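Topology and contacts: notes
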Amino acid sequence: MSEREAFEHILASLHEAALDDTHWSTASALIDEALHVHGNSLGFGDIHSGEDIDFYFTGMFFHGQRNLDLEREYFEVYYPLDERVPLVRQLPDGQSAHISDLYSKDELRTSVVYNEFLNRAHAQNCISYRLDGPMGLSSVWFFHDPLKGDDWSSARLDLIRRLLPHIRQYVNVRQAVAGAGSLGASLTEMLDATGLGIIQLGLRGRIVEMNDRARDLLRTGDGLFDAHGFLFARKPEDNTNLQMLLKRALPPLGTQGISGSTIVKRASALPLALHVHPVARQDTDSRPWPVAALVLVMDPESRLRIDPAVTRVALDLTGMESRVAVLLAEGMSVGQIAAATGRKESTIRTHVKHIFTKHGLKRQVDLVRLVLALAGVPEPRD
């Protein structure tokens, strides 16, 4: 495979990963193969507030395989000790930093993180990049050590520089998907529980790609349909609203797109909820990223039921803990749960902490995924 073909395969896999996070492992493996490195790690979150980096997503991948144990060990044991963190937060956008730039000479000799963790992670000769993203968030991309003890050649670094704008835009697309939270559902719920349809649109509104759920919805033609590569609603009044939203999300170049939501009625089922979200534009290799806007289609008919009784028994929770866990999985915030249950927010947070302790969890998204895994399970019998 030529270098150009390898690069095109990486871009194609990144485009697929923008629709479905499970494809990131393929993209990551292709990047490792092209760079001849042990692995690469990607994280994004709020880097600018507070003293720590508040990561919303992290993934340590080695030849396409995610090492969750290593991730967990880093954040539970080594992250509080990592001398790199303040300097990573201050890295200029898009500029590289070798590991030796992030530790002092003394720290390279004495740092527990560098000498223990990074040694096992094949990252004592790694390269780091920080990329600014939408909504004040940033990405951090680490490339683990080159294979066979090789150094960082100019060809390797040039390939990384060519990939950076595509990675930046991949994160932009994923954040645009997360922006559909304004519809009242969490990102985890949308991806895992509601059968969310995702349609990617180009600069002129033509459909670039869609996931299987969106393809099934358009194939039926009930509510939404595809005509010559463009998206339409079946009922005239719904189509007027949809086309107005698309026009606002895809304005002329140089103008910021605006997101919006609408309802599309169906003859044989409950209406579809649509959220149209512009994607921050980024020129990559003198050509635009193919995705300019996302249409997120939420079908209430496909929503999986989460039974509090199943959650209570399966996770060994109290009745109130089970209720809190289910409401979190259904997309409610701690404040909304407090208002719905008549409790204080501090009480709800205490319940969440108790659940974390029972199951060794650290993040709310992990609890949500655990509860969603129980969706559709029959109610237990006494």
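See the structure shown above.
The shown structure was predicted, so the numbers you read here are calculated from the model rather than taken from an experiment.

**Some details on the packing of helix α13 (residues 319–329) against helix α15 (residues 345–359)**
- Orientation of α13 relative to α15, taken along the N-to-C sense of each, is 95 degrees, at an axis distance of 10 Å. Considering their axes alone, α13 and α15 lie roughly perpendicular with respect to each other. When α13 is examined against α15, the residues M320, E321, V324, A325 and L328 are found in contact with a partner set consisting of I348, H351, V352, H354, I355 and K358.
- Broken down by class, the residue content of the contact of α13 with α15 amounts to seven nonpolar, two polar and two charged.

**Details of the pairing of strand β5 (residues 127–132)**
- In terms of burial, β5 is largely enclosed, as five of its six residues are buried.
- As defined by bridge partners, β5 adjoins strand β6 (residues 138–143) across six bridges and the pair is classed as antiparallel. By the bridge assignment for β6, Y129 is matched with W141.

**Observations concerning the sheet that holds strand β7 (residues 197–201)**
- Taken in spatial order, the five strands make up an open sheet running β8-β7-β15-β12-β11, and their pairing is antiparallel. Each having just a single partner strand, β8 (207–210) and β11 (260–264) make up the two edges of the open sheet. Between one strand and the next, the sheet's axes are offset by a mean angle of 20 degrees, whatever the strand orientation.
- Direction of pairing for strand β12 (residues 272–278) relative to strand β15 (residues 293–298): antiparallel, over a ladder of six bridges. When the bridges of β15 are listed, A273 appears paired with M298.

**Remarks on helix α12 (residues 308–315)**
- Regarding α12, the residues found buried are A309, V310, T311 and L315.
- Lining the buried residues of α12 we find α13, α15 and α16 (364–372).
- D316 sits one or two residues past α12 and shows a positive phi near 55 degrees.

**Focus on helix α3 (residues 68–78)**
- When we look at burial in α3, the residues that qualify are L70, E71, Y74 and Y78. Burial along α3 is one-sided: seen end-on, the buried residues are contained in an arc of 105 degrees.
- The distance from a side-chain oxygen at the start of α3 to the backbone nitrogen of D69 is 3.4 Å, and the residue carrying that oxygen is N67.

**Points about the packing of aromatic side chains**
- Applying the stated criterion across every chain yields a total of 10 aromatic pairs.
- Where Y74 meets Y79, the ring centres are 5.9 Å apart and the plane angle is 70 degrees; that geometry is what we call edge-to-face. Assigned by exposure class, Y74 and Y79 land together as buried.
- Taken together, a centroid distance of 6.0 Å and an interplanar angle of 90 degrees make the contact between Y129 and F143 edge-to-face. You can see Y129 sitting in strand β5 and its partner F143 sitting in strand β6, a full 14 residues away along the chain.
- You can call Y129 buried: its relative accessible area is 2%.
- A relative accessible area of 0% places F143 in the buried class.
- Taken together, Y74, F75, Y78, Y79 and F117 form an aromatic cluster joined through their ring pairs.
- Directly above the aromatic system of F7 lies the positively charged group of R162, at a separation of 4.0 Å from the ring centroid.
- In this structure, R234 is placed above the aromatic ring of F225, and the distance from its NZ or CZ to the ring centre is 4.1 Å.

**Structural notes on empty space enclosed by the protein**
- By the definition in use, this model includes two cavities of 30 Å³ or more.
- The calculated volume of the largest cavity comes to roughly 320 Å³.
- For the largest cavity, the lining is made up of 24 residues, of which S41, M60, Y74, R84 and F142 are closest to its centre.
- Put simply, the parts of the chain that give the lining of the largest cavity at least two residues each are β1 (40–46), β2 (54–62), α3, α4 (85–89), α7 (112–120) and β6.
- The biggest single contributor to the lining of the largest cavity is β2, with four residues.
- A class-by-class count of the residues in the lining of the largest cavity yields 16 nonpolar, five polar and three charged.

Calculation notes
Residues numbered from 1 in each chain as written. Predicted model: local features only at pLDDT ≥ 70, side-chain atom pairs only at ≥ 80, totals over all residues. Heavy atoms only, no water. Axes fitted to C-alpha atoms, helices over the stretch in contact; angles between N-to-C directions. Helix = DSSP H or I, 4+ residues; strand = E, 2+ residues; numbered from the N terminus. Parallel < 35°, antiparallel > 145°, perpendicular 65-115°, else oblique. Contact = heavy atoms within 4.5 Å. Nonpolar A, V, L, I, M, F, W, Y, C, P; charged D, E, K, R; others polar. Buried < 20%, exposed > 50% of the residue type's maximum accessible area, 1.4 Å probe, protein only. Pairing = 2+ DSSP bridges. Arc of directions from axis to C-beta. Polar contact = N/O pair within 3.5 Å; in protein donor to acceptor, adjacent residues only side chain to side chain. Phe/Tyr/Trp six-rings, centres within 6.5 Å; stacked < 30°, edge-to-face > 60°. Lys NZ or Arg CZ within 6 Å of the ring centre and 35° of its normal. 1 Å grid on protein atoms, 1.4 Å probe; cavity = no way out; pocket = protein on both sides within 12 Å on 5 of 7 lines; lining within 4 Å. Points joined across faces, edges and corners; volume = space filled by probe spheres on them.

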